[in-house]
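# Geometric and topological summary
The chain contents come next:
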Amino acid sequence: MKKYVIACCIFINIFMLIFCAVLSSEFDRQLDEIQQNMHLKAVDENKLCLASAELFCKRMLEQYNTTPTVSQYNAFGEGRFTVMYSTELDCDLPQNNECISNYIEDTDEMLTISELDNNRYLVTVMKCGLLEQKILLKERFITISIGAFAFWAVLWSAFGLVIFLHQRKLAKAMAQVADGNYQVRIKGEFSSEFNSMTESVSNNVVAANEAARAQRDFVSNFSHELKTPLTAIIGYADLLRSAELDSQDTFTAASYIFSEGKRLEALSLKLMDMIVLDNHEFPLRPLPASKLLQHIAITVRPMLSDNQLDLEFHAAAARIEGERDLLITLIVNLLDNARKASEDGGKIVLRGTVEGDRYKISIKDFGRGIPQEELSRITEAFYMVDKSRARAQHGAGLGLALCQKIAIMHGSGLEFNSTLGEGTEVSFTVKKLPKTKEVIEDVKKES
Amino acid sequence: MINILIAEDERAISDLIRINLVRNGYVCHCAYDGKQAADMLESTRYDLVLLDIMLPCIDGYELINYIRPMDIPVIFITAKSELSDKVKGLRLGAEDYITKPFEIVELIARVEVVLRRYKKTSAILTFGDVTVDADAHSVTKNGRLISMTAKEYELLLLFVRNPGIALFRETLFERVWGYDYIGESRTLDSHVQRIRRKLDWDDIIITVYKVGYKFDVAKLKDR
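Rules of the game
- Within every chain, residues take consecutive numbers counted from 1 along the sequence as written.
- Just so you know, chain letters begin at A and ligand numbers begin at 1, following the order they were written in.
- Given that this is a predicted model, residues contribute local features only at a pLDDT of at least 70 and side-chain atom pairs are listed and counted only at 80 or more, while totals for whole chains, interfaces and linings are drawn from all residues.
- The basis for every side-chain value is the complete set of non-hydrogen atoms in the structure, without hydrogens or water.
- Each aromatic pair joins two rings of Phe, Tyr and Trp (for Trp, the six-membered one) with centres within 6.5 Å, and gets the label stacked for planes under 30 degrees apart, edge-to-face for over 60, and tilted for any other angle.
- The way it works is that DSSP assigns letters per residue, a run of H or I at least four long becomes a helix, a run of E at least two long becomes a strand, and they are numbered from the N terminus.
- Each residue is placed in one exposure class: buried if its accessible area under a 1.4 Å probe, protein chains only, is under 20% of its type's maximum, exposed if it is over 50%, and partly exposed if it falls in between.
- Sitting over a ring, as applied to charges here, requires NZ of Lys or CZ of Arg to be within 6 Å of the ring centre and within 35 degrees of the ring normal.
- Detection works on a 1 Å grid of protein atoms alone, calling trapped sets that fit a 1.4 Å probe cavities and calling open sets with protein on both sides within 12 Å along at least five of seven lines pockets, with lining residues defined by an atom within 4 Å of a point.
- Grid points are joined across faces, edges and corners, and a volume is the space filled by probe spheres set on the points.
- When residue character is reported, Ala, Val, Leu, Ile, Met, Phe, Trp, Tyr, Cys and Pro are called nonpolar, Asp, Glu, Lys and Arg charged, and the others, Gly included, polar.
- A residue counts toward a patch only above 30% relative accessible area and without a salt bridge, and it is joined to like-charged neighbours within 9 Å or, for Val, Leu, Ile, Met, Phe, Trp and Tyr, to nonpolar neighbours within 5 Å.
- Throughout, the Shrake-Rupley method with a 1.4 Å probe supplies accessible areas, and for residues the shown protein chains are the sole cover considered.
- Put simply, a salt bridge is a Lys or Arg side-chain nitrogen that is within 4 Å of an Asp or Glu carboxyl oxygen.
- Contacts are residue-level and defined by heavy atoms, with any inter-residue pair within 4.5 Å sufficient.
- When DSSP finds two or more bridges between a pair of strands, those strands are recorded as paired.
- Axes here refer to lines fitted to C-alpha atoms; in helices the fit is confined to the stretch in contact. Angles between the N-to-C directions go from 0 to 180 degrees.
- Joining two parts hides part of their accessible area as seen by a 1.4 Å probe, and the buried area is that hidden amount summed over both.
- In protein, a polar contact means a hydrogen-donor-capable atom and an acceptor-capable atom, both N or O and within 3.5 Å, with residues adjacent in sequence counting only if both atoms are side-chain atoms; elsewhere, any N or O pair within 3.5 Å suffices.

## What to know about the packing of aromatic side chains
Here the structure, examined in full by the defined rule, presents 10 aromatic pairs over all chains. Aromatic pair Phe127 of chain B and Phe215 of chain B: ring centres 5.3 Å apart, planes at 85°, arrangement edge-to-face. Of the two residues, Phe127 of chain B sits in strand E6 (residues 124–127) while Phe215 of chain B sits in strand E12 (residues 212–215), which places them 88 residues apart along the sequence. Across the pair, exposure class does not vary: Phe127 of chain B and Phe215 of chain B are buried alike. Through a chain of ring-to-ring contacts, three or more aromatic side chains come together here, namely Tyr61, Phe76 and Tyr97 of chain B. A cation over an aromatic ring shows up here: Arg241 of chain A above the ring of Phe168 of chain B, its NZ or CZ 3.1 Å from the ring centre.

Rendered as structure tokens:
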């Protein structure tokens, strides 16, 4: 917005300069014209001048009781008459190079009498209207110039004030940013630059805070996951060594030590997996998608049949790029989650479809679903939607975090589509490779 | 009879607390989520609630607001060990705070202190001819006041509060002297010797080989 104001100011300034220049030249021109007119009058209208000279002579006779001898006409708007000295002239005559001016009201003329030499005087007649016009023109020129300058000065100072105020606003906003308020937005000049700066700073800070929160949550969750089994193990072991327990309590204590120890083991294994995933490069290799999914389907069927779950399986043939073992881990994990979410006797759908240059693998269950507000956090480490149920099923809340990592390694991420009470669909994509003869043969064989 | 409600979603921890409290003569009931705990609080009158903060359904912070008008003391049990959590718990009206992992001796001691503060248990513990008054910090034998140092008294209190439990040297040292047991120290042995002599309890506080000491309350009854 301010850009337009600046442009306007510059335009107005240039306009003012041009205007002044034009104005002054116009004045000059007008003055010239006036004089020229007079000149033309004197040349073209000799008679008129003569007539007026005669009139003048008459008037001189009336006023001064003398008749001047017209000797000369002037071309510059003034009539010039040489007046012979007459003793009868009963007015003050100039002496010693003096000059006397008289205003004649009737004709609005100025008479100037000056001594030429002995007994000869020069009388100059000038139309006062012209004089006034000249003066008026000059005054108007000055007024307009001053007005224009004042306008120009006011405009510039207003503009300067606007800039100053704006800069103060900017400085204040910056101070606020320095104080850690990254939500500051300003309007006006530089606003887009400033706002995009605060925007990006704010985004970075939000991202950093988010990362810090995730880190803090991870540590706090990890310590919780660690402390609970440790408390149990230490407590039961302490009980066993300190007190004589009956066989029932001894058995309970020993079983808890065993199961909580197992829990710690599972936790440490999953953590190891995550650390390995973070720190190692896994080469992605070409894999036949339908074969891989078929292999998985066969592997998980016994696990699913324990819950009388039916696995529906469709897989388009394609060659994909991925790490075989990790993909198996990922899909089996997601299938296991689907199993946990499903009611006994339900159905799970495993589907592989080609989507452009990606291959989409989706796992759909018809179980309890995930609440919408939990969806964004379920891939965080240790995050559990239903804690007690997850515990009962020996979950540590690391499964989906692990799955997400694997999906990211394959160039996508887990996408959840869930409706409470109706089920959840989890999907991710992997890169599809162009078809080769081998694959085409595979497809033929399969069909 | 003291009724204690254990609200803890981890069965392992819940059972651990229950077994230990039952051994100390308390009656325990377990709730595995916040809703169950609220239901049980409504139907039964409890003397003490051991409350986990991270409970399913209704968490401990919410539940304590529900318990407070009932004038039942609450001890928080949680893995959260940050100071702000402790402050929050205590400000909400909890009597005490135990962080996981905790030792059973510590839990028992805290339970005892809270119960006594609420006059649920008698401050006066009697073992044969010996009487320990936990309020007055005094010990009498046959009505005669036995003079004891502060450390001796604390050690004695630890024994009488954990009858039949083999107390390990490091536990005793940590509880009474407040720092970790460092190697071979005769301090503990000399204190135990003096308690035995003053109370004539040579065969009551028995030495457990390679472990520590045990307050054998059964033998006291035989005498």
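## Looking at empty space enclosed by the protein
Counted under the stated rule, the structure contains three cavities of 30 Å³ or more. If you trace the largest cavity, you find 14 residues lining it, with Asp238 and Ser242 of chain A together with Ile104, Val105 and Ile165 of chain B closest to the centre. Where the lining of the largest cavity is concerned, the elements lending two or more residues are helix H4 (191–242) of chain A together with helix H5 (104–117) and strand E10 (166–168) of chain B. Looking at the lining of the largest cavity element by element, the count peaks at four residues for H4 of chain A. A per-class count over the lining of the largest cavity returns seven nonpolar, six polar and one charged.

## Brief notes about a nonpolar patch on the surface
All names here are of chain A. Side chains of Ile6, Ile10, Ile14, Ile18 and Val22 sit close together on the surface and give an oily, nonpolar patch of about 420 Å² of accessible area. Topologically, Ile14 is positioned in helix H1 (residues 2–44). For Ile14, a relative accessible area of 45% gives the class partly exposed.

## Here we look at the environment of Leu41 of chain B
All names here are of chain B. Its place among the elements puts Leu41 in helix H2 (residues 34–43). Judged by its relative accessible area of 4%, Leu41 is buried. Among residues more than four places away in sequence, those in contact with Leu41 are Leu5, Tyr46, Val49, Tyr66, Ile67, Met70 and Ile72.

## Observations regarding the pattern of salt bridges
When their charged atoms lie close together, side chains carrying opposite charge are able to pair. Scanning the entire structure with this criterion turns up 22 salt bridges over all chains. Across the salt bridge formed by Lys340 of chain A and Asp336 of chain A, the nearest N and O atoms sit 3.6 Å from each other. Remark: Asp336 of chain A and Lys340 of chain A occur in helix H7 (residues 324–341); sequence separation between them is four residues, near one turn of the helix. Owing to a relative accessible area of 22%, Lys340 of chain A belongs among the partly exposed residues under this scheme. Where salt bridges share partners, they join Asp238 and Arg241 of chain A together with Glu170 of chain B into one cluster.

## As for the sheet that holds strand E11 (residues 205–208) of chain B
All names here are of chain B. Read from one edge to the other, the open sheet built from three strands follows the order E10-E12-E11, with strand pairing classed as antiparallel. Two strands bound the open sheet, and with one partner strand each, they are E10 and E11. Along the sheet, successive strands turn relative to each other by an average axial angle of 35°, direction set aside. Alignment of E11 against E12, held across four bridges, turns out to be antiparallel. By the bridge assignment, Thr207 is partnered in E12 with Tyr213. On top of the sheet, helix H7 (residues 169–177) reaches E10 and E12; it is set at about 70° to E10, its chief contact. Packing of helix H8 (residues 186–199) onto the sheet brings it into contact with E11 and E12, and relative to E11 it is tilted by some 150°.

## A look at the interface of chain B and chain A
Taken together, the contact between chain B and chain A spans 24 residues of the former and 21 residues of the latter. Both faces combined, the contact of chain B with chain A buries some 2,200 Å², and carbon together with sulfur accounts for 60% of it. Our count for the chain B to chain A interface comes out at three salt bridges. When the shortest N-O distance is used, the salt bridge between Arg263 of chain A and Glu10 of chain B registers 2.9 Å. In this structure, the connection of chain B to chain A is made through six residue pairs in polar contact (both at pLDDT 80 or more). The set of elements that each furnish at least two residues to the side of chain B that touches chain A consists of helix H1 (11–23), E10 and H7 of chain B. Considering each element in turn, the side of chain B that touches chain A owes the most residues, eight residues, to H1 of chain B.

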